[in-house]
Amino acid sequence: MAPPMGDLSLYLEDHHEMIRSMVREFAEAEIAPVASRFDESEEFPWDNGAKMAELGLFGIPFDEEYGGAGMDLLAAVIATEELARVDASHSIMVGAHTSLAATPISRWGTEEQKQRFLSPLAGGQVLGGFGLTEPGSGSDSAAMRTVAEKKGDRWILNGQKTWITHGGVGEIFMVGAVTSPDKGTRGITAFLLTKETCEPLEAARVGFGHSGELTPMQGFTVGQKLRKLGWNASDTRELIFEDVEVPDENVLGEVDLGFRIFLDTLDGGRIGMAAHALGIAQGAFDEAVRYTGEREQFGKRINDFQGVQFMLAEMQVKIHAARLLTYHAARLRMDGKPHKKEASIAKLFASEAAMDVTTRAVQLHGGYGYSREYPVERMMRDAKITEIGEGTTEIQKIVIAREIFREYGKI
Ligand SMILES: Cc1cc2nc3c(=O)[nH]c(=O)nc-3n(C[C@H](O)[C@H](O)[C@H](O)COP(=O)(O)OP(=O)(O)OC[C@H]3O[C@@H](n4cnc5c(N)ncnc54)[C@H](O)[C@@H]3O)c2cc1C
């Protein structure tokens, strides 16, 4: 059953509703029956990836001339939300690819870079990723140790990234490296790197995830799949760079000015992460409403108890607020308006709402909530990453506080 979300016509246009119903139908038909199996096996869902590519879900906000659907960020947010409502390992496939890999190329890339890299990403031929975090630098991402040294018309990259979504299955990555060690954040450059998917047989079988037109770079390898609490079907790995030769034309934006591209990408990525959180919360809420309407104790349906009704009401309030904050931040970014604070507010609020709503959904299922028979335990595990990825809750508070002081004139 479609969850009643209230009248959202103040925020959404026809194409947003259209993409919502298309993605919802797909997620319920193709993802819901296999989500738990992929969570258990921790395998990457190649078949569904290919179907999502077929539906155009990897290029929603990008121009049609680059193989995209020519829609907008809000449409991508809604698609992410609807996928996450059923399974967050699937939603992050579209989310990380769209907001972290393809978007910076579309916003900062040259025409030639868009043709070479955005087209295969937006057209759903290959998957992309974003390499910022390193073993020693997460929240303090500017402390990265990966270096790029200039040699003629190329750069030689050495270093390591960790926790990279699509690390193994992806083929195009935006990676940060220090190019002027004495210049702090003004000495970091964004590079576009290519490698071959680590599952070429699967990619060939489903006809998605590999392009013969991209040249894999020597010395760019990946580590083993990292095992996680949730997002288990998402492929997360280390990236390793050993004397990787990157030509000048693969510098995204300007040399030494890459950090602002990462920050801009994170502003958008936080809206995307809020959408995952919102979708997970909505999915868990739908399950909780259904279950509390069926389960009987003390001779009554448990949703007859006011204590249960209060819990459902509190969950609904958080979801509604998370949705409006997320759509609002997306609208600001779409319109080219300042949105740093709003993106962090949406991400912070929605991720905490997701954790709270999923935990309560498990509680409302009693012992069955703790069992793998019901999806709410997976949703609770998947929700946790939304408080960590794209900047932890604490980092969002730092960003919001900085913006407050900027607006009030302290800084
Ligand atoms: C499943 C998964 C997928 C990911 N995908 C990607 C990806 O695709 N690309 C990528 O680049 N990264 C990715 N990440 C990395 C993610 O962005 C980082 O894990 C995150 O930014 C936190 O960094 P950290 O893990 O090093 O934690 P740390 O920075 O070490 O933080 C540890 C704790 O200290 C707190 N803390 C740190 N600094 C402060 C401070 N100044 N004030 C208060 N508290 C502070 C943090 O909030 C946290 O609670 C992924 C992570 C996971 C788990």
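Refer to the structure printed above.
Cut-off values and rules
- Residues numbered from 1 in each chain as written.
- Predicted model: local features only at pLDDT ≥ 70, side-chain atom pairs only at ≥ 80, totals over all residues.
- Heavy atoms only, no water.
- Helix = DSSP H or I, 4+ residues; strand = E, 2+ residues; numbered from the N terminus.
- Rg over C-alpha atoms; globule rule 2.2 N^0.38 Å.
- Buried < 20%, exposed > 50% of the residue type's maximum accessible area, 1.4 Å probe, protein only.
- Contact = heavy atoms within 4.5 Å.
- Areas by Shrake-Rupley, 256 points an atom, 1.4 Å probe, with all protein chains shown as cover.
- Lys, Arg positive; Asp, Glu negative; His and termini not counted.
- Charge placed at Lys NZ, Arg CZ, Asp CG, Glu CD.
- Phe/Tyr/Trp six-rings, centres within 6.5 Å; stacked < 30°, edge-to-face > 60°.
- 1 Å grid on protein atoms, 1.4 Å probe; cavity = no way out; pocket = protein on both sides within 12 Å on 5 of 7 lines; lining within 4 Å.
- Points joined across faces, edges and corners; volume = space filled by probe spheres on them.
- Nonpolar A, V, L, I, M, F, W, Y, C, P; charged D, E, K, R; others polar.
- Near = heavy atom within 4 Å.
- Polar contact = N/O pair within 3.5 Å; in protein donor to acceptor, adjacent residues only side chain to side chain.
- Sits in = over half its atoms within 2 Å of the grid points.

What the protein contains, in helices and strands, is 12 helices and 10 strands. The C-alpha radius of gyration computed for the protein amounts to 21 Å, which stays within 12% of the reference 22 Å derived for 411 residues, consistent with globular compactness. Counting only residues that meet the buried cut, the protein has 56% of its 411 residues in that class. Of all intrachain contacts in the protein linking residues separated by at least 6 positions in sequence, the fraction that spans at least 24 positions is 75%. In the form shown here, the protein has an accessible surface area of approximately 17,600 Å², with 52% of it arising from carbon and sulfur atoms. Within the protein, the 61 negative side-chain charges are centred at a point lying 5 Å from the centre of the 44 positive side-chain charges.

Here the focus is the packing of aromatic side chains. Taken as a whole and assessed by the stated rule, the structure comprises 10 aromatic pairs. With 5.5 Å between their ring centres and 20° between their planes, Phe58 and Phe208 make a pair best called stacked. Residue Phe58 is located in the loop between α3 (46–54) and α4 (73–86), and its partner Phe208 is located in the loop between α7 (200–206) and β6 (220–222); the two are separated by 150 residues in the primary sequence. Neither residue differs from the other here; Phe58 and Phe208 are each classed as buried.

Scanning the model with the defined rule gives one cavity of 30 Å³ or more in all. The wall of the largest cavity is formed by Ile92, Gly95, Ala96, Ser99, Leu100, Gly269, Gly272, Met273, His276 and Glu390. Mapped onto the lining of the largest cavity, the elements with two or more residues apiece are α5 (88–108) and α8 (259–294). The leading source of residues in the lining of the largest cavity is α5, at five residues. Its residues placed into classes, the lining of the largest cavity shows four nonpolar, five polar and one charged.

A word on the environment of Ala27. Mapping Ala27 onto the fold places it in helix α1 (residues 14–31). Taking the C-alpha atoms as reference points, Ala27 and Gly68, separated by 41 residues in sequence, lie 20 Å from one another. Not counting the four nearest positions on each side in its chain, Ala27 is found in contact with Ala32, Glu82, Leu83 and Val86.

Looking now at the site of the ligand. Residues in close proximity to the ligand total 16 residues, the closest being Thr133, Ser139, Trp163, Thr392 and Glu394. A distance of 2.8 Å is found between a nitrogen atom of the ligand and a backbone nitrogen or oxygen belonging to Phe130. A molecule is said to occupy a pocket when more than half its atoms come within 2 Å of that pocket's grid points, and by this definition the ligand occupies the largest pocket. Contributions of two or more residues to the shell around the ligand are made by β3 (154–165) and α12 (393–408). Among the elements that take part in the shell around the ligand, β3 stands out by supplying three residues, more than any other. Looking at the shell around the ligand residue by residue, the class counts come to eight nonpolar, five polar and three charged.

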